[in-house]
Amino acid sequence: MKRSERNGGIILVSASTILLEVETTWEYKKGVPLVDKPSLSGSHLPSSTLFLIDQKETMEELPDHLVWDIFRNLHKTDDRNSLSVSCKRFYSLDNEQRQSLRIGCGLVPAPDALLSLCKRFPNLSKVEIVYSGWMSKLGKQLDDQGLLLLSTNCHSLSDLTLSYCTFITDVGIRHLSSCTKLSSLKLNFAPRITGCGVLSVAVGCKKLKILHLIRCLNVASVEWLEYFGKLEVLEELCIKNCRGVGEGDLVKLGTSWRKLRVLKFEVDANYRNMKVYDQLAVERQRKQLVPCENLLEVSLVNCVIAPGRGLACVLRKCISLEKLHLDMCIGVSDSDIIALVQEAKQLRSISLRVPSDFTLPLLNNATMRLTDESLSAIAQHCSKLESFKVSFSDGEFPSLLSFTLQGIITLIKKCPIRELSLDHVCSFNDVGMEALCSAQNLEILELVHCQEVSDEGLVLVSQLPSLTVLKLSKCLGVTDDGLIPLAKTHKLELLVVEDCPQVSRKGVNGAATSVSFRQDLSWMY
């Protein structure tokens, strides 16, 4: 029910299926609290809320700060909308306090509806426009004129996300240059936007700290990178599958590398597959001379790491790095990882997905592979490492060409690993499972395509002192028998079993507090 009801001295506010309950009993006399009110900011309201108020008071007399606290703790838009229509005053206060908005296909007609929302919520600072799943029958998308309305009527705009907005061009993006408070811009699949549009944002939005360009296929020129390099304001840069931007272009950030804290760069492997493996493409990369001492997170996917050039120089200078993700990066060598971990003493998470196709020109050289030397260096220098994930791409015995069982065991014994994920690591077997028994901090274990692990190794899971989550996927050697000891110990909080042919739904029952089971054996054929 979306109304207020009086029952003696109790007023019950009901919004949709949610009842908000304030934990402290209040007494008000003419709107003034008789007891001090502790702040509710940051707290989680219970599922139902009762306001105990003097019998003569009404909902209209609840203090503003209490209503704002209630709205602030409602994170679902439907819940906020339901509560806001319970009375006119709530509606007005919600309009005044609402700072974020997510809209999309239901915005029809788009310009008029957006203008109406901007006027209704004058203090919007975060707007997300998503047209995922859009079809022409759903009405026209928001276009350049819509962005003009947004930039002129949303004066507090600081965070804007545009996803699948295929009608927006450089003209529309140029309107954003008037948003002087804009600090975060995320573009996901904006095929009509070019480098000129991004440059106009860089010129106009001097406070832009976060920039995401994902599948912006026509962003080819990189003058905007040079401009951001001069501003030295970017703290988070994410470029994924922008075909006109290559690894070597990142050097144009210049002195902005000093401010950068997060770098995520992904190359479209399907589009550039032949180009990136060309030796000449590697040789064209320039040396990176600017230090990157503030980088906390680096994620590189399908990149070419040229020895002594480009991104290889970046990896060697990340002295504050905490999170590293390298996915199918050609050319990463032991020397790169060793140089990195010797400097980055704060590393807490490492994720490696290693290519297995060693027929590529760059991988003919044995020095271009990761081996146990990298694992040994990680074990020696990363005393704070909590998460380690390694995956080999599909291939015939891929892990035999790189990490060995002994290398993995060495890392497990010396680092305080809390989360371990092994994918296509065929060298990992029951001996490795036995070694895990000494991992005092291990809480999460994930094994994918680890065919050498059998029931003998799986029963040892019950001996892992801190393990609470176990995930098994596409493991041929494990059966229901290996899970029986887990049901007796009752130590696992979560067990996930996917596509393991010898494990049945009956076998996972009772093995953990929460169980997820799925079996699709199409991968075997």
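### Section: the nonpolar core
For step 1, the next point in the chain: In this structure, L211, W224, L237, F388, F428 and L447 are the most contacted members of the largest nonpolar core, which totals 131 residues.
For step 2, the next point in the chain: The contact partners of L447, leaving out residues within four places of it in the chain, are L422, F428, M433, V453, K471, L472, S473 and C475.

### Digging into the side chain of H212
For step 1, the next point in the chain: By the element assignment, H212 lies in strand β11 (residues 210-214).
For step 2, the next point in the chain: In this view, H212 contacts L185, K186, L187, E236 and C238; residues no more than four positions away in its chain are not counted.

### Thoughts on a nonpolar patch on the surface
For step 1, the next point in the chain: A cluster of nonpolar side chains, contributed by L476, M524 and Y525, occupies part of the molecular surface with about 360 Å² of accessible area.
For step 2, the next point in the chain: Positionally, Y525 belongs in the segment after β22 (514-518).

### As for the packing of aromatic side chains
For step 1, the next point in the chain: Per the stated rule, a full pass over the model turns up 4 aromatic pairs.
For step 2, the next point in the chain: Note on Y164 and F189: the rings are 5.8 Å apart at their centroids and 45° apart in plane angle, and the pair reads as tilted. Of this pair, Y164 sits in the loop between β9 (159-163) and α6 (170-175) while F189 sits in the loop between β10 (184-188) and α7 (195-204), and the two are 25 residues apart along the sequence.
For step 3, the next point in the chain: For Y164, a relative accessible area of 26% puts it in the partly exposed group.
For step 4, the next point in the chain: By relative accessible area, which is 24% here, F189 ends up partly exposed.
For step 5, the next point in the chain: Aromatic side chains F392 and F403 sit 6.0 Å apart centroid to centroid with 65° between the ring planes, which places their arrangement in the edge-to-face category.

### Digging into helix α5 (residues 144-153)
For step 1, the next point in the chain: Those residues of α5 that fall on the buried side of the exposure criterion are D144, G146, L147, L149, L150 and S151.
For step 2, the next point in the chain: Looking at the buried side of α5, the elements it contacts are α4 (110-120), β8 (126-130), β9 and α6.
For step 3, the next point in the chain: One side-chain oxygen of the residue at the start of α5 lies 3.2 Å from the amide nitrogen of Q145, identifying that residue as D143.

### Some thoughts on the pattern of salt bridges
For step 1, the next point in the chain: Counted under the stated rule, the structure contains 11 salt bridges.
For step 2, the next point in the chain: A salt bridge links R316 to D336; the shortest N-O distance between them is 3.1 Å. In this pair, R316 is assigned in the loop between α11 (310-315) and β15 (323-327) and D336 in helix α12 (residues 334-343), connecting sequence segments 20 residues apart.
For step 3, the next point in the chain: Note that D327 and R353 form a salt bridge whose closest N and O atoms lie 3.1 Å from each other. Here D327, found in strand β15, pairs with R353, found in strand β16 (residues 349-354); they are 26 residues apart in sequence, far enough to count as distant.
For step 4, the next point in the chain: You can call D327 buried: its relative accessible area is 15%.
For step 5, the next point in the chain: The partly exposed category is assigned to R353, whose relative accessible area is 34%.
For step 6, the next point in the chain: Each of the salt bridges in this network shares a partner with another, and the network as a whole consists of K474, E498, D499 and R518.

### What about the packing of α12 against helix α13 (residues 372-381)?
For step 1, the next point in the chain: In the contact formed by α12 and α13, the axes pass within 9 Å of each other and the chain directions differ by 5°. One element, α12, and the other, α13, form an angle in the roughly parallel class. Judged by residue contacts, D334, I337, I338, V341 and Q342 of α12 engage E373, S374, A377, I378 and H381 from α13.

Cut-off values and rules
Residues numbered from 1 in each chain as written. Predicted model: local features only at pLDDT ≥ 70, side-chain atom pairs only at ≥ 80, totals over all residues. Heavy atoms only, no water. Core = buried A, V, L, I, M, F, W, Y, C linked by side-chain atoms within 4.5 Å. Buried < 20%, exposed > 50% of the residue type's maximum accessible area, 1.4 Å probe, protein only. Contact = heavy atoms within 4.5 Å. Helix = DSSP H or I, 4+ residues; strand = E, 2+ residues; numbered from the N terminus. Patch = residues over 30% accessible without salt bridge, like charges linked within 9 Å, V, L, I, M, F, W, Y side chains within 5 Å. Areas by Shrake-Rupley, 256 points an atom, 1.4 Å probe, with all protein chains shown as cover. Salt bridge = Lys/Arg side-chain N within 4 Å of Asp/Glu carboxyl O. Phe/Tyr/Trp six-rings, centres within 6.5 Å; stacked < 30°, edge-to-face > 60°. Polar contact = N/O pair within 3.5 Å; in protein donor to acceptor, adjacent residues only side chain to side chain. Axes fitted to C-alpha atoms, helices over the stretch in contact; angles between N-to-C directions. Parallel < 35°, antiparallel > 145°, perpendicular 65-115°, else oblique.

Structural measurements only, silent on function.
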